[in-house]
Amino acid sequence: MRKNVVAGNWKMNKNLQEGVALATELKALLNGVTVKCDVVIAPPLTHVASVVDAVKGSIVGVAAQNCADKEKGAYTGEVSAEMIQSTGAQYVIIGHSERREYYGETNEIIKNKIALALQNGLTPIVCFGEVLAQREAEKHFEVVKSQVEEAMFGFSPEDFGKMILAYEPVWAIGTGKTASAEQAQEIHAFVRGIIVEKFGKQVADDCTILYGGSCNPTNAKELFSNTDVDGGLIGGASLKAADFMAIIQAF
Ligand code: PGA
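A.B. asks: Help me understand the overall build of the protein, please; the structure alone is not making it clear to me.
C.D. replies: A tally of helices and strands in the protein yields twelve helices and eight strands. What you see for the protein is a C-alpha radius of gyration of 17 Å, in line with the 18 Å of a compact globule of 251 residues. With the principal axes as the frame, the protein shows a C-alpha extent of 45 × 45 × 35 Å. Per-residue burial over the protein gives 51% buried out of 251 residues.

Structure representation (C-alpha coordinates):
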(Lines give C-alpha, C1' and ligand atoms only; values in the text may rest on other atoms or scores of the structure.)
Protein backbone atom coordinates (compact mmCIF):
# COMPACT_ATOMS: atom_id res chain seq x y z
CA MET A 1 0.00 0.00 0.00
CA ARG A 2 1.39 3.40 -0.96
CA LYS A 3 1.93 5.57 2.07
CA ASN A 4 3.30 8.94 2.95
CA VAL A 5 6.38 8.44 5.11
CA VAL A 6 8.77 10.82 6.82
CA ALA A 7 11.84 8.98 8.11
CA GLY A 8 14.70 10.49 10.08
CA ASN A 9 18.18 9.08 9.58
CA TRP A 10 20.27 10.20 12.53
CA LYS A 11 23.45 8.70 11.04
CA MET A 12 26.35 8.58 13.56
CA ASN A 13 25.04 11.37 15.77
CA LYS A 14 23.81 11.52 19.39
CA ASN A 15 24.94 9.34 22.25
CA LEU A 16 22.45 7.01 23.91
CA GLN A 17 21.10 9.55 26.40
CA GLU A 18 20.81 12.28 23.76
CA GLY A 19 19.12 9.87 21.40
CA VAL A 20 16.54 8.77 23.94
CA ALA A 21 15.92 12.43 24.81
CA LEU A 22 15.38 13.32 21.13
CA ALA A 23 12.97 10.41 20.63
CA THR A 24 11.09 11.37 23.80
CA GLU A 25 10.83 14.98 22.66
CA LEU A 26 9.46 13.91 19.29
CA LYS A 27 6.91 11.65 20.97
CA ALA A 28 5.76 14.59 23.11
CA LEU A 29 5.46 16.87 20.06
CA LEU A 30 3.34 14.28 18.27
CA ASN A 31 1.08 13.64 21.25
CA GLY A 32 -2.50 14.46 20.33
CA VAL A 33 -1.52 15.76 16.87
CA THR A 34 -3.04 14.19 13.76
CA VAL A 35 -0.48 13.69 11.04
CA LYS A 36 -0.88 12.55 7.44
CA CYS A 37 2.17 10.33 7.19
CA ASP A 38 3.92 7.44 8.87
CA VAL A 39 6.83 8.61 11.02
CA VAL A 40 10.05 6.65 11.39
CA ILE A 41 13.33 7.40 13.16
CA ALA A 42 16.60 5.58 12.59
CA PRO A 43 18.97 5.99 15.55
CA PRO A 44 22.40 4.34 15.74
CA LEU A 45 22.21 0.60 16.43
CA THR A 46 23.31 0.93 20.05
CA HIS A 47 20.21 3.02 20.74
CA VAL A 48 17.59 1.08 18.82
CA ALA A 49 16.15 -0.98 21.70
CA SER A 50 16.03 2.02 24.06
CA VAL A 51 14.45 4.24 21.41
CA VAL A 52 11.82 1.57 20.71
CA ASP A 53 10.96 1.79 24.43
CA ALA A 54 11.03 5.59 24.44
CA VAL A 55 8.48 5.92 21.61
CA LYS A 56 6.12 3.16 22.80
CA GLY A 57 2.49 4.25 22.68
CA SER A 58 3.18 6.78 19.90
CA ILE A 59 2.92 6.55 16.11
CA VAL A 60 6.71 6.62 15.73
CA GLY A 61 8.29 3.56 14.12
CA VAL A 62 11.95 2.71 14.57
CA ALA A 63 14.51 1.73 11.95
CA ALA A 64 18.08 0.51 12.09
CA GLN A 65 20.44 2.26 9.68
CA ASN A 66 21.97 -0.97 8.40
CA CYS A 67 21.96 -4.73 8.88
CA ALA A 68 24.37 -7.54 8.07
CA ASP A 69 24.28 -9.34 4.74
CA LYS A 70 24.68 -12.65 6.58
CA GLU A 71 22.16 -14.50 8.67
CA LYS A 72 24.31 -15.17 11.75
CA GLY A 73 27.63 -16.56 12.92
CA ALA A 74 31.28 -15.52 13.06
CA TYR A 75 31.00 -11.97 11.67
CA THR A 76 32.52 -9.84 14.40
CA GLY A 77 30.93 -6.43 14.72
CA GLU A 78 27.93 -7.19 12.53
CA VAL A 79 24.26 -7.06 13.57
CA SER A 80 21.72 -9.28 11.85
CA ALA A 81 18.23 -8.45 10.62
CA GLU A 82 16.87 -10.99 13.11
CA MET A 83 18.60 -9.16 15.98
CA ILE A 84 17.15 -5.86 14.82
CA GLN A 85 13.69 -7.37 14.61
CA SER A 86 14.08 -8.73 18.16
CA THR A 87 14.45 -5.17 19.51
CA GLY A 88 10.99 -4.23 18.31
CA ALA A 89 12.25 -2.08 15.43
CA GLN A 90 10.11 -2.42 12.31
CA TYR A 91 12.31 -0.97 9.56
CA VAL A 92 15.90 -1.02 8.32
CA ILE A 93 17.60 1.43 5.98
CA ILE A 94 19.59 -0.48 3.35
CA GLY A 95 22.07 0.71 0.74
CA HIS A 96 22.49 4.29 1.90
CA SER A 97 25.02 6.06 -0.33
CA GLU A 98 27.36 6.45 2.67
CA ARG A 99 27.35 2.65 3.05
CA ARG A 100 27.92 2.24 -0.68
CA GLU A 101 30.75 4.78 -0.73
CA TYR A 102 32.62 4.20 2.56
CA TYR A 103 31.89 0.52 3.21
CA GLY A 104 31.94 -0.89 -0.29
CA GLU A 105 28.31 -1.98 -0.47
CA THR A 106 27.40 -3.23 -3.91
CA ASN A 107 23.95 -3.83 -5.35
CA GLU A 108 24.55 -7.55 -4.74
CA ILE A 109 25.26 -6.99 -1.02
CA ILE A 110 22.26 -4.70 -0.79
CA LYS A 111 20.08 -7.36 -2.39
CA ASN A 112 21.21 -9.91 0.23
CA LYS A 113 20.44 -7.46 3.02
CA ILE A 114 16.97 -6.78 1.61
CA ALA A 115 16.29 -10.53 1.48
CA LEU A 116 17.30 -10.98 5.12
CA ALA A 117 15.30 -7.94 6.23
CA LEU A 118 12.20 -9.30 4.50
CA GLN A 119 12.72 -12.81 5.91
CA ASN A 120 12.73 -11.25 9.36
CA GLY A 121 9.62 -9.16 8.88
CA LEU A 122 11.42 -5.81 8.67
CA THR A 123 10.43 -3.17 6.12
CA PRO A 124 13.55 -2.27 4.11
CA ILE A 125 13.98 1.39 3.19
CA VAL A 126 16.24 0.96 0.18
CA CYS A 127 18.33 3.90 -1.01
CA PHE A 128 19.68 4.67 -4.47
CA GLY A 129 20.87 7.76 -6.31
CA GLU A 130 23.56 9.15 -8.56
CA VAL A 131 26.72 11.05 -7.65
CA LEU A 132 27.40 14.53 -9.02
CA ALA A 133 29.69 13.40 -11.86
CA GLN A 134 27.02 10.99 -13.07
CA ARG A 135 24.37 13.70 -13.10
CA GLU A 136 26.70 16.11 -14.88
CA ALA A 137 27.39 13.44 -17.48
CA GLU A 138 23.60 13.00 -17.77
CA LYS A 139 23.89 9.39 -16.68
CA HIS A 140 21.51 9.70 -13.71
CA PHE A 141 18.63 7.78 -15.28
CA GLU A 142 20.94 4.95 -16.30
CA VAL A 143 22.60 4.78 -12.85
CA VAL A 144 19.32 4.83 -10.95
CA LYS A 145 17.85 2.18 -13.27
CA SER A 146 20.71 -0.24 -12.72
CA GLN A 147 20.73 0.31 -8.93
CA VAL A 148 16.99 -0.31 -8.70
CA GLU A 149 17.07 -3.32 -11.05
CA GLU A 150 20.12 -4.99 -9.54
CA ALA A 151 19.27 -4.47 -5.88
CA MET A 152 15.48 -4.62 -5.89
CA PHE A 153 14.04 -6.34 -8.96
CA GLY A 154 15.16 -9.90 -8.15
CA PHE A 155 12.24 -10.32 -5.76
CA SER A 156 8.66 -11.46 -6.18
CA PRO A 157 6.08 -8.70 -6.74
CA GLU A 158 4.80 -9.46 -3.25
CA ASP A 159 8.21 -8.97 -1.64
CA PHE A 160 8.99 -5.92 -3.76
CA GLY A 161 5.71 -4.48 -2.51
CA LYS A 162 7.01 -4.62 1.06
CA MET A 163 9.94 -2.28 0.32
CA ILE A 164 10.08 1.49 0.67
CA LEU A 165 12.32 3.14 -1.91
CA ALA A 166 14.37 6.28 -1.27
CA TYR A 167 15.86 8.35 -4.07
CA GLU A 168 18.84 10.20 -2.64
CA PRO A 169 20.96 12.08 -5.16
CA VAL A 170 24.37 11.90 -3.49
CA TRP A 171 25.21 15.50 -4.46
CA ALA A 172 22.26 16.69 -2.38
CA ILE A 173 23.07 14.76 0.82
CA GLY A 174 24.32 16.93 3.65
CA THR A 175 25.32 19.63 1.17
CA GLY A 176 22.41 22.01 1.61
CA LYS A 177 21.91 21.59 -2.14
CA THR A 178 18.45 20.06 -2.59
CA ALA A 179 17.24 18.54 -5.81
CA SER A 180 14.56 20.83 -7.18
CA ALA A 181 11.02 19.57 -6.89
CA GLU A 182 11.13 18.99 -10.68
CA GLN A 183 14.36 17.00 -10.51
CA ALA A 184 12.95 14.82 -7.73
CA GLN A 185 9.62 14.29 -9.50
CA GLU A 186 11.38 13.44 -12.77
CA ILE A 187 13.40 10.60 -11.21
CA HIS A 188 10.53 9.37 -9.05
CA ALA A 189 8.25 9.17 -12.10
CA PHE A 190 11.02 7.42 -14.05
CA VAL A 191 11.47 4.84 -11.28
CA ARG A 192 7.72 4.27 -11.03
CA GLY A 193 7.78 3.73 -14.79
CA ILE A 194 10.39 0.99 -14.63
CA ILE A 195 8.42 -0.63 -11.80
CA VAL A 196 5.35 -0.65 -14.08
CA GLU A 197 7.39 -2.45 -16.76
CA LYS A 198 8.73 -5.00 -14.31
CA PHE A 199 5.85 -5.66 -11.92
CA GLY A 200 2.83 -3.94 -13.45
CA LYS A 201 0.81 -0.83 -12.70
CA GLN A 202 -0.73 -1.92 -9.42
CA VAL A 203 2.61 -2.67 -7.76
CA ALA A 204 4.03 0.62 -9.08
CA ASP A 205 1.03 2.62 -7.87
CA ASP A 206 1.35 1.05 -4.42
CA CYS A 207 5.09 1.70 -4.12
CA THR A 208 6.25 4.35 -1.65
CA ILE A 209 9.17 6.39 -3.01
CA LEU A 210 10.84 8.86 -0.67
CA TYR A 211 13.17 11.72 -1.54
CA GLY A 212 16.30 12.37 0.52
CA GLY A 213 18.99 15.04 0.37
CA SER A 214 18.95 18.33 2.28
CA CYS A 215 15.20 18.13 2.82
CA ASN A 216 14.23 20.66 5.49
CA PRO A 217 11.19 22.47 6.94
CA THR A 218 11.43 25.11 4.20
CA ASN A 219 11.51 22.88 1.12
CA ALA A 220 9.59 19.80 2.35
CA LYS A 221 6.13 20.97 1.31
CA GLU A 222 7.15 21.67 -2.28
CA LEU A 223 9.02 18.37 -2.58
CA PHE A 224 6.19 16.32 -1.05
CA SER A 225 3.53 17.96 -3.22
CA ASN A 226 4.83 16.11 -6.29
CA THR A 227 2.66 13.22 -7.48
CA ASP A 228 5.43 10.65 -7.25
CA VAL A 229 7.19 11.89 -4.10
CA ASP A 230 5.69 10.08 -1.12
CA GLY A 231 7.75 11.60 1.64
CA GLY A 232 11.32 12.05 2.74
CA LEU A 233 14.36 10.44 4.24
CA ILE A 234 15.76 13.21 6.39
CA GLY A 235 19.31 13.43 7.70
CA GLY A 236 20.48 16.66 9.35
CA ALA A 237 17.01 18.11 9.89
CA SER A 238 15.92 15.01 11.82
CA LEU A 239 18.35 15.80 14.63
CA LYS A 240 16.15 18.61 15.95
CA ALA A 241 12.70 17.49 17.07
CA ALA A 242 11.02 20.77 16.06
CA ASP A 243 12.50 20.72 12.54
CA PHE A 244 11.61 17.08 12.05
CA MET A 245 8.10 17.78 13.31
CA ALA A 246 7.76 20.66 10.84
CA ILE A 247 8.72 18.30 8.00
CA ILE A 248 6.17 15.74 9.21
CA GLN A 249 3.56 18.51 9.13
CA ALA A 250 4.48 19.43 5.56
CA PHE A 251 1.92 16.75 4.64
P1 PGA B 1 20.57 15.11 4.67
O2 PGA B 1 20.74 13.51 4.59
O3 PGA B 1 19.10 15.36 4.89
O4 PGA B 1 21.41 15.53 5.83
O5 PGA B 1 21.04 15.65 3.37
C6 PGA B 1 19.78 12.70 3.97
C7 PGA B 1 20.22 11.25 4.03
O8 PGA B 1 21.40 10.97 3.83
O9 PGA B 1 19.39 10.34 4.31
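A.B. asks: Help me out: how do you make sense of the site of the ligand in this one?
C.D. replies: As a structural note, the neighbourhood of the ligand is formed by 13 residues, with Lys11, His96, Glu168, Gly174 and Ser214 the closest of them. Glycine 235 places a main-chain nitrogen or oxygen 2.9 Å from an oxygen atom of the ligand. Measuring from an oxygen atom of the ligand, one finds a backbone N or O atom of glycine 236 at 2.9 Å. For the ligand, the accessible surface in isolation is 280 Å², of which the surrounding protein chains cover 95%. Looking at the shell around the ligand residue by residue, the class counts come to four nonpolar, seven polar and two charged.

A.B. asks: Hey, could you run me through the sheet that holds strand E5 (residues 123–128) in this one?
C.D. replies: Strands pair in a sheet through their backbones, by hydrogen bonds, and they do so in one of two ways: parallel or antiparallel. Strand order in the closed barrel made by the eight strands is E1-E2-E3-E4-E5-E6-E7-E8, with parallel pairing throughout. Within this sheet the neighbouring strands show an average axis-to-axis angle of 25°, counted without direction. Taken together, the two bridges between strand E7 (residues 208–212) and strand E8 (residues 231–234) define a ladder with parallel strand orientation. Paired with glycine 212 across the two strands is leucine 233, which belongs to E8. Against the sheet, helix H7 (residues 140–152) contacts E5 and strand E6 (164–167), and its axis sits at roughly 150° relative to E5. Along the sheet, helix H12 (residues 241–248) contacts strand E1 (5–9), strand E2 (38–42) and E8; its crossing angle with E1, the most-contacted strand, is approximately 155°.

A.B. asks: Even after reading the chapter, I still don't get the pairing of E8, so can you show me in this structure?
C.D. replies: Covered by surrounding structure in E8 are Gly231 and Leu233 together with Gly232 and Ile234, the residues of both alternating faces. Taken together, the four bridges between E1 and E8 define a ladder with parallel strand orientation. Its bridge partner being in E8, valine 6 is matched across the sheet by glycine 232.

A.B. asks: I keep staring at the pairing of E7 and nothing clicks. Help me out?
C.D. replies: In terms of residue burial, E7 counts as a mostly covered element, since five of its five residues are buried. Burial of the side chains of E7 extends over both faces: Thr208, Leu210 and Gly212 are buried on one face and Ile209 and Tyr211 on the other. Bridge count between E6 and E7: four bridges; the pairing is parallel. In the sheet register, leucine 165 faces E7, and the bridge partner there is isoleucine 209.

Parameters at a glance
- Residues numbered from 1 in each chain as written.
- Predicted model: local features only at pLDDT ≥ 70, side-chain atom pairs only at ≥ 80, totals over all residues.
- Heavy atoms only, no water.
- Helix = DSSP H or I, 4+ residues; strand = E, 2+ residues; numbered from the N terminus.
- Rg over C-alpha atoms; globule rule 2.2 N^0.38 Å.
- Buried < 20%, exposed > 50% of the residue type's maximum accessible area, 1.4 Å probe, protein only.
- Near = heavy atom within 4 Å.
- Polar contact = N/O pair within 3.5 Å; in protein donor to acceptor, adjacent residues only side chain to side chain.
- Areas by Shrake-Rupley, 256 points an atom, 1.4 Å probe, with all protein chains shown as cover.
- Nonpolar A, V, L, I, M, F, W, Y, C, P; charged D, E, K, R; others polar.
- Pairing = 2+ DSSP bridges.
- Axes fitted to C-alpha atoms, helices over the stretch in contact; angles between N-to-C directions.
- Contact = heavy atoms within 4.5 Å.

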